[in-house]
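What follows is the residue order along each chain.
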Amino acid sequence: MRVLGIETSCDETAAAVLEAPLQVCSHVVASQIASHGPYGGVVPELACREHVKALPVVLAQAIAESGGNWSAIDAVAVTYGPGLAGALLTGVSAAQALHACLGVPLIAVNHLHGHLYSPFLASNAPAPETMYPFLSLIVSGGHTCLVYVAGPRAYRLLGTTVDDAAGEAFDKGANLLGLGYPGGHRIDALAKDGDATFVRFPRGTVKAGSQLTGDLDVRCCFSFSGVKTALRYYLADHPLMAGESRQLADVAASYQEAIVDALVRRVAYTLDQVKVKALAVGGGVSLNGRLRMALQDLCVQRGLPLLLTPPRFCGDNAAMIAAVAELGAGREVADVSQLDVDPSPEVLF
Ligand code: KG4
Ligand code: ZN
């Protein structure tokens, strides 16, 4: 079965063709970072316009590079949420049109389910069915959550953030450090030469009784707004000196350490609560070198396989959306004309 995946939930226009079982035939991502950068964040209206412009090109390229043609496509999979409503609509409309033209099933995929399965896109990854149940850490610009994955569409949310996502914390910190948007990768690069013990920033514990966490164990939950505020106060008291690259690297490394340590502590605690066969990690922040290393250390200590997403599938992409469909974990849409987007920021499990 050949699935064409389409992803437009935020600021990446992506299309990919996958051949079962999880073989990536093509994978195209058009990033809008250059358009949003000057505004310091994603501008929804701009994102929609950019998707509309990029989609025909990205789709044609995905088919051209797949080694097949349109007639080889057996199903179309599309992200219906969560994300920006207008941005999601561009992908869903394209998928509806392709369904009508090609006469193939349309499969609606939850974006977060894509991140859950992205580690299995590695060419040397085990088959997902041999790894259930696993614990998944999704860390991106929009989401930070811990999910117990018992099987396709059998997910239990164990932890989430009560305020900023980990990627937002990186981006807001990078902004305060004058590194531009998005800045996670810049903090990562600077931190390699910095002293992570230079400043101790807070690790953001979540207080019990928070309405946002519902029945969740708050020790599995995250809070990143405090670390950003702590950095702001620190910089007010210790302004960065022009040309002082040592100071910048030390502060960046300390800031990164606070975020990574907060993530790893919650993962460690959660692993004490559930019995799983592996830890899987995906999302843009999982590109972070320090996070990858710290999770590696944790998994070695626990004797647990670590399934890291290959770098090219960490950020938003359509291969992970097609993967969900191939694994039978999407939702085949019965009445395609009625397919709607669901931009809700709630985790849809
Ligand atoms: O998964 P993604 O492309 O978008 C969302 O679905 O939100 O993730 C983007 C996020 C941004 O916040 C970016 O700063 C962060 O991932 N990021 C990193 C690194 N590379 C990207 N954060 C820390 N270290 C990195 N190397
Ligand atoms: Zn994402």
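A short tour of the structure in this document, coming up. (Residues numbered from 1 in each chain as written. Chains lettered and ligands numbered in written order. Predicted model: local features only at pLDDT ≥ 70, side-chain atom pairs only at ≥ 80, totals over all residues. Heavy atoms only, no water.)

1. Let's talk about the environment of Thr79
Phase 1: Among the secondary structure elements, Thr79 is positioned in strand S4 (residues 75-81).
Phase 2: Along the backbone, Thr79 and Ser140 are 61 residues apart, and their C-alpha atoms lie at a distance of 16 Å.
Phase 3: Among the polar contacts listed, one links the side chain of Thr79 to the side chain of Glu7, at a separation of 2.7 Å. (Helix = DSSP H or I, 4+ residues; strand = E, 2+ residues; numbered from the N terminus. Polar contact = N/O pair within 3.5 Å; in protein donor to acceptor, adjacent residues only side chain to side chain.)

2. Section: the pairing of strand S1 (residues 2-7)
Phase 1: Among the six residues that make up S1, six are buried, leaving the element largely enclosed by the rest of the structure.
Phase 2: Alternating residues of S1 divide into Arg2, Leu4 and Ile6 and Val3, Gly5 and Glu7, and every residue in both groups is buried.
Phase 3: As defined by bridge partners, S1 adjoins strand S2 (residues 12-19) across six bridges and the pair is classed as antiparallel. From the neighbouring strand, Val3 faces S2, where its bridge partner is Leu18.
Phase 4: Connecting the antiparallel pair S1 and S2 is a turn made up of four residues. (Buried < 20%, exposed > 50% of the residue type's maximum accessible area, 1.4 Å probe, protein only. Pairing = 2+ DSSP bridges.)

3. What about the coordination of the zinc ion (ligand 2)?
Phase 1: Protein coordination at the zinc ion (ligand 2): the donors are His111 (NE2), His115 (NE2) and Asp316 (OD), at 2.1 Å from the metal.
Phase 2: Viewed at the metal, the four donor atoms of the zinc ion (ligand 2) are separated by angles of 83 to 135 degrees, and the geometry they form is irregular.
Phase 3: Overall, the relative accessible area of 3% leaves His111 in the buried class.
Phase 4: On the accessibility criterion, His115 (1% relative accessible area) is buried. (Donors = N, O, S within 2.8 Å, 3.2 Å for Na, K, Ca; no water. Tetrahedral: all angles 85-135°; square planar, octahedral: opposite > 155°, others 65-115°.)

4. What to know about the sheet that holds strand S9 (residues 278-282)
Phase 1: Ordered by their spatial adjacency, five strands build an open sheet running S8-S7-S6-S9-S10, and the pairing between neighbours is mixed. Edge positions in the open sheet fall to strand S8 (154-160) and strand S10 (306-308), since each of these has one partner strand only. Neighbour to neighbour, the strand axes of the sheet diverge by 20 degrees on average, direction disregarded.
Phase 2: Of the pairings in the sheet, the one linking S9 to S10 comprises three bridges and is parallel in character. Bridging across to S10, Ala280 finds its partner in Leu307.
Phase 3: Where helix H8 (residues 245-273) meets the sheet, it contacts strand S6 (134-139), strand S7 (144-151), S8 and S9, and its direction lies at approximately 160 degrees from that of S6. (Axes fitted to C-alpha atoms, helices over the stretch in contact; angles between N-to-C directions. Contact = heavy atoms within 4.5 Å.)

5. Some thoughts on the sheet that holds S4
Phase 1: Read from one edge of the open sheet, six strands run S3-S2-S1-S4-S5-S11, paired in mixed fashion. Every other strand in the sheet has two partners, leaving strand S3 (23-31) and strand S11 (331-332) as the edge strands with one partner each.
Phase 2: Here two bridges tie strand S5 (residues 106-110) to S11, and the two strands are oriented antiparallel to one another. Paired with Ile107 across the bridge in S11 is Glu332.
Phase 3: Packed on one face of the sheet, helix H3 (residues 85-102) meets S1, S4 and S5 and runs near 160 degrees to S4.

6. As for the site of ligand 1
Phase 1: Around ligand 1 lies a shell of 20 residues, among which Gly141, Asp171, Asp188, Gly284 and Asp316 are the nearest.
Phase 2: Between an oxygen atom of ligand 1 and a side-chain N or O atom of Asp171, the distance comes to 2.6 Å.
Phase 3: Protein burial of ligand 1: of its 560 Å² of free accessible surface, 87% is covered by the chains.
Phase 4: Looking at the shell around ligand 1 residue by residue, the class counts come to five nonpolar, twelve polar and three charged.
Phase 5: Built from parts of two domains, the shell around ligand 1 gets at least three residues from each of domain 1 (2-117 + 314-338) and domain 2 (130-308). (Near = heavy atom within 4 Å. Areas by Shrake-Rupley, 256 points an atom, 1.4 Å probe, with all protein chains shown as cover. Nonpolar A, V, L, I, M, F, W, Y, C, P; charged D, E, K, R; others polar. Domains from an automatic or database assignment.)

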